[in-house]
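# Coordinates in review
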Amino acid sequence: MNDRIDVKNIPADVKVYKPKVDENATYNLRSRIYVRAVKGLHQAIRRKMGIFFLGLFALLPWLNWNGQQAILLDIVNQQFNIFGLTLWPQDLTIFSSLLIISAFLLFVVTTFYGRVWCGYMCPQTVWTFMFIWFEEKIEGSANKRKKFDSMPLSFTKVWKKGLKHTAWWVISLLTSLTFIGYFVPVDQLFIDFFTFESSAMVVGWTLFFAGCTYANAGWMREIMCLHICPYARFQSSMFDKDTYTVTYDAARGEKRGPRPKKADPKEIGMGDCVDCNLCVQVCPTGIDIRNGLQYECINCGACIDACDETMDKMNYPKGLISYTTEHSLEGKPTKKLRTKLIGYGLVTVIMSAAFVWQVVSRIPLELNIERDRNALYRVNNDGLVENTFTLQVLNKSQTNATYSISVDGLSDYEFYGEREFAVAAGEVYNQPISIAVDPVELKRPVTGITIIIRSSNGELEVSEETRFFKGR
Ligand code: SF4
Ligand code: SF4
């Protein structure tokens, strides 16, 4: 039996307001959605989660760890400092593990609870709702805003619109500066920006990201979710009949229509939907969930809260719109644990374990050996066979360190060069060395040797194998 449910792309009966446009204009304004504010359990959860993640986003770059910015993704110097851990481009596997874990975590959540990421945590949603909050505080409720936009230009309109756009720009600028603060020292960034000391490049990037935030959350809003975000397109492959999605219970709701509050719907041959249209008015993507599951739905639960409010007023049981599964609507039990979910979960757990192991076992020291390209070997004035190498030692820690060199695989040898050397934190140090051996000691033309680098406190050690050439 195929448990997949296809996402139905139903031409939704979207009741959006279209501002009057000049017929002679060469372009038309897009239809705007005036999202009506709603209160309820799901909106409270969404708001609290939004505040939590916004707070985290704003605070993290300001945290210090061992006297340094705790999170600094220094792209110019190719070093990502995260709470004392410095990651380099060589640590690509750690980044890849992190990306795979995030992707599979998203798959687990989507398979179980549909697009709740989009509805509750996606930055696009969080910022959009924040912008709508300012819009509502300055211009009023959805109905007032609709009327306000149709009114001719006036002093009130100018100052209210001006205030709204100023507020949006301030948030956008702060968002942009905070975001850039993950990549450059944040305190200096803010000081330089507000004292007009920033470089043209920093100003350019700040305005670019601020412009993106302003355009996305202020103007594009649902367009991003409906037409640009790729996640909306492939989510259906994760849905099945046991996925919890926001669903209208058509069997209970139909036949819809207004009726007196005291009338018993069964007696008058009606369902529980009073056709108040609130579920459409509060929807940030402007769809009517009563038309069935649609890819535009971001599972935000706003229509659930709006409908529950109506059900309360009518003294009907709540839950005409709810998070439920297709199996549940068909009267069958919902299977919580299923093969696909277990598979995604297993990959997440395995990759998380691999990630932890990679981080814990990571040695903040790296050694590369380069041979002298001009000569594999030479015989020196003492009659010894000499091989020359350049050791590239990368101190991947956040403190300066001193290292020593030793060689394994040769019973007796002469060492030319520094045995001990210091490398600053985050620096690459090139150390040329030569090793010379009496040819009588060498049994074969090529001998495998190991060069070992040890930190002076003995805590770190890396080694690399190479070959010692004797010649004929
Ligand atoms: S249909 Fe309901 S859950 Fe889906 S986006 Fe609209 S308001 Fe949110
Ligand atoms: S909010 Fe509920 S009662 Fe009102 S139209 Fe939507 S489904 Fe029907």
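Because the structure is a prediction, the values reported are computed rather than measured.

Our focus in this paragraph is the overall build of the protein. In terms of helices and strands, the protein carries 15 helices and 16 strands. For a compact globule of 472 residues, the expected C-alpha radius of gyration is about 23 Å, and the protein comes in at 32 Å, more than 25% above that figure. In terms of overall dimensions, the protein has a C-alpha envelope of 110 × 60 × 45 Å along the principal axes. Counting only residues that meet the buried cut, the protein has 43% of its 472 residues in that class. Put simply, 68% of the contacts in the protein that link residues at least 6 apart link residues at least 24 apart. Here the protein displays about 26200 Å² of accessible surface, and carbon together with sulfur accounts for 61% of that area.

Moving on: the pattern of salt bridges. For the structure shown, the criterion picks out 22 salt bridges. In this structure, Glu135 engages Arg145 in a salt bridge whose closest nitrogen and oxygen atoms are separated by 3.6 Å. Of this pair, Glu135 sits in helix H4 (residues 123–139) while Arg145 sits in helix H5 (residues 142–150), placing them 10 residues apart in sequence. As far as the burial class goes, Glu135 and Arg145 line up, both buried. Between Asp240 and Arg338 there is a salt bridge, with its nearest N and O atoms 2.9 Å apart. One end of the pair, Asp240, is in the loop between helix H10 (231–234) and strand S6 (245–248); the other, Arg338, is in the loop between helix H14 (326–329) and helix H15 (339–360), and 98 residues separate them in sequence. Both residues of the pair, Asp240 and Arg338, count as buried. Among the charged side chains, a salt-bridge network with shared partners connects Glu135, Glu136, Glu139, Arg145, Asp149, Lys161, Lys164 and Arg221.

Pairing is antiparallel across the open sheet formed by 4 strands, whose spatial order is S13-S11-S15-S16. Every other strand in the sheet has two partners, leaving strand S13 (420–423) and strand S16 (461–469) as the edge strands with one partner each. Taking the axes of each pair of neighbouring strands and ignoring which way they run, one obtains an average angle of 30° across the sheet. Strand direction decides the pairing type here: strand S11 (residues 401–408) and S13, joined by 4 bridges, are antiparallel. Residue pairing for S13: Tyr403 is matched across the bridge by Phe421.

Another aspect to go through is the nonpolar core. Leu391, Val393, Ile435 and Ile453 are the most contacted members of the largest nonpolar core, which has 24 residues in total. If sequence neighbours within four positions are ignored, Leu391 has contacts with Leu367, Asn368, Ile369, Ile405, Tyr429, Asn430, Gln431, Ile433, Ile451 and Ile453. In terms of nonpolar packing, the next biggest core, distinct from the first, is built from 21 residues, Tyr120, Ile287, Met311 and Tyr316 among them.

Here the focus is the side chain of Lys164. Looking at where Lys164 falls in the secondary structure, it is placed in helix H6 (residues 155–180). Here the side chain of Lys164 touches Glu135 through a polar contact of 3.2 Å, side chain to side chain.

Of the two faces of S6, the one carrying Thr245 and Thr247 and the one carrying Val246 and Tyr248 are both buried. Where S6 meets strand S7 (residues 321–324), 4 bridges bridge the pair, whose relative direction is antiparallel. Residue pairing across strands places Thr247 opposite Ser322, the latter belonging to S7.

Before going further, it helps to spend a moment on a negative patch on the surface. Together, Asp382, Asp412, Glu414, Asp438 and Glu441 make up a negatively charged patch on the protein surface. Its location among the elements puts Asp382 in the loop between strand S9 (378–379) and strand S10 (385–395).

A cluster of nonpolar side chains, contributed by Leu63, Trp65, Ile82 and Phe83, occupies part of the molecular surface with about 330 Å² of accessible area. Inspection of the secondary structure puts Leu63 in the loop between helix H1 (41–59) and strand S1 (64–65).

This paragraph deals with the environment of Thr93. Mapped onto the elements, Thr93 comes out in helix H2 (residues 92–113). Sequence spacing of Thr93 and Phe355 is 262 residues, and the spatial spacing of their C-alpha atoms is 8.7 Å.

Here we take up the site of ligand 1. Lining the immediate environment of ligand 1, one finds 13 residues, of which Cys283, Cys297, Cys300, Gly301 and Cys303 sit closest. Considered class by class, the residues forming the shell around ligand 1 number 10 nonpolar, 3 polar and no charged.

Our focus in this paragraph is the site of ligand 2. In the vicinity of ligand 2, the contacting residues are Tyr248, Cys273, Val274, Asp275, Cys276, Asn277, Cys279, Arg290, Cys307, Met311, Leu320 and Ile321. Its residues placed into classes, the shell around ligand 2 shows 9 nonpolar, 1 polar and 2 charged.

With that out of the way, let us pick up the confidence of the model for the protein. Any segment with low pLDDT has predicted coordinates that should not be analysed in fine detail. Considering every residue of the protein, the mean pLDDT works out to 88; 93% of them sit at 70 or more. Across residues 1–5, where pLDDT falls below 50, the model places 13 contacts with residues more than four positions away in sequence or in other chains.

Turning our eyes to something else, we now look at the side chain of Thr243. One can find Thr243 in the loop between H10 and S6. With relative accessibility at 2%, the residue Thr243 sits in the buried group. In terms of polar contacts, Thr243 uses its side chain to reach the backbone carbonyl oxygen of Thr111, at 2.8 Å. Excluding residues within four positions of it along the chain, Thr243 makes contact with Thr110, Thr111, Phe112, Tyr113, Gly114, Met238, Thr324, Thr325 and Arg338.

Rules of the game
- Residues numbered from 1 in each chain as written.
- Chains lettered and ligands numbered in written order.
- Predicted model: local features only at pLDDT ≥ 70, side-chain atom pairs only at ≥ 80, totals over all residues.
- Heavy atoms only, no water.
- Helix = DSSP H or I, 4+ residues; strand = E, 2+ residues; numbered from the N terminus.
- Rg over C-alpha atoms; globule rule 2.2 N^0.38 Å.
- Buried < 20%, exposed > 50% of the residue type's maximum accessible area, 1.4 Å probe, protein only.
- Contact = heavy atoms within 4.5 Å.
- Areas by Shrake-Rupley, 256 points an atom, 1.4 Å probe, with all protein chains shown as cover.
- Salt bridge = Lys/Arg side-chain N within 4 Å of Asp/Glu carboxyl O.
- Pairing = 2+ DSSP bridges.
- Axes fitted to C-alpha atoms, helices over the stretch in contact; angles between N-to-C directions.
- Core = buried A, V, L, I, M, F, W, Y, C linked by side-chain atoms within 4.5 Å.
- Polar contact = N/O pair within 3.5 Å; in protein donor to acceptor, adjacent residues only side chain to side chain.
- Patch = residues over 30% accessible without salt bridge, like charges linked within 9 Å, V, L, I, M, F, W, Y side chains within 5 Å.
- Lys, Arg positive; Asp, Glu negative; His and termini not counted.
- Charge placed at Lys NZ, Arg CZ, Asp CG, Glu CD.
- Near = heavy atom within 4 Å.
- Nonpolar A, V, L, I, M, F, W, Y, C, P; charged D, E, K, R; others polar.
- pLDDT = per-residue confidence, 0-100.

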